[in-house]
Amino acid sequence: MKIKNILDELRFSDENAQMICVAPSAELRSRIYVVGQLLENIPGVVLGDREPHLREKTVGTFREELKTFGAQFEENDFLMESTHEINEEIYEVRYYKLTHIKHEGGEVVLHSEVGELQELREIYQDPECE
């Protein structure tokens, strides 16, 4: 989905509704940690729990954050980024394309039904310290 489509979908949503992200192919269900640029000119959300002193993302704050993206983001799909720990030294950053939005039980749910975008997967290894 593009930012314009997301804003259109959320136009009549309750501003105070909580946001959640779901990627069934990865058995992923998570809150939004941050909204921002994930890759060059690619808008999206980083998934994960927020710090205790930060409130959960609501539709109202999410819409306001989406409106801050510039024109260079308009034609790119909105992604969800998730970090997966492989072991103590290696982790992967995986990306999922937002395909649709649902309203479930008072929450607004961002869904990815197409699976991981494996061509974007990033693998990182923590440096060895001696």
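Residues numbered from 1 in each chain as written. Predicted model: local features only at pLDDT ≥ 70, side-chain atom pairs only at ≥ 80, totals over all residues. Heavy atoms only, no water.

**Q** When you look at the pattern of salt bridges in this model, what are you seeing that I'm missing?
**A** Side chains that carry opposite charge are capable of pairing whenever their charged atoms lie near each other. Scanning the entire structure with this criterion turns up 13 salt bridges. Here aspartate 8 ties to lysine 4 by a salt bridge, and the two come within 3.1 Å at their closest N and O atoms. Remark: lysine 4 and aspartate 8 occur in helix α1 (residues 3–10); sequence separation between them is four residues, near one turn of the helix. Classification of aspartate 8 as partly exposed rests on a relative accessible area of 33%. For lysine 4, a relative accessible area of 57% translates into the label exposed. Across the salt bridge formed by glutamate 116 and arginine 121, the nearest N and O atoms sit 2.5 Å from each other. Linked through salt bridges whose partners overlap, the residues forming this network are Arg29, Arg31, Glu56 and Glu107. (Salt bridge = Lys/Arg side-chain N within 4 Å of Asp/Glu carboxyl O. Helix = DSSP H or I, 4+ residues; strand = E, 2+ residues; numbered from the N terminus. Buried < 20%, exposed > 50% of the residue type's maximum accessible area, 1.4 Å probe, protein only.)

**Q** Teacher, can you tell me more about the packing of aromatic side chains here?
**A** The relation between two aromatic rings is expressed through the spacing of the ring centres and the mutual angle of the planes. Overall, the coordinates contain three aromatic pairs when judged by the stated rule. Each ring, one from phenylalanine 62 and one from phenylalanine 78, has its centre 6.1 Å from the other, and the planes form 90°; the classification is edge-to-face. With phenylalanine 62 in helix α2 (residues 59–66) and phenylalanine 78 in the loop between α2 and β5 (79–85), this pair connects stretches of sequence that are 16 residues apart. Comparing phenylalanine 62 with phenylalanine 78, the two get one shared label, buried. Aromatic pair tyrosine 91 and tyrosine 124: ring centres 5.3 Å apart, planes at 20°, arrangement stacked. On the criterion of sequence distance, the pair formed by tyrosine 91 in strand β6 (residues 90–97) and tyrosine 124 in strand β9 (residues 122–125) is long-range, its members being 33 residues apart. Residue class for tyrosine 91 comes out partly exposed when judged on its relative accessible area of 28%. The class for tyrosine 124 is partly exposed, based on a relative accessible area of 35%. (Phe/Tyr/Trp six-rings, centres within 6.5 Å; stacked < 30°, edge-to-face > 60°.)

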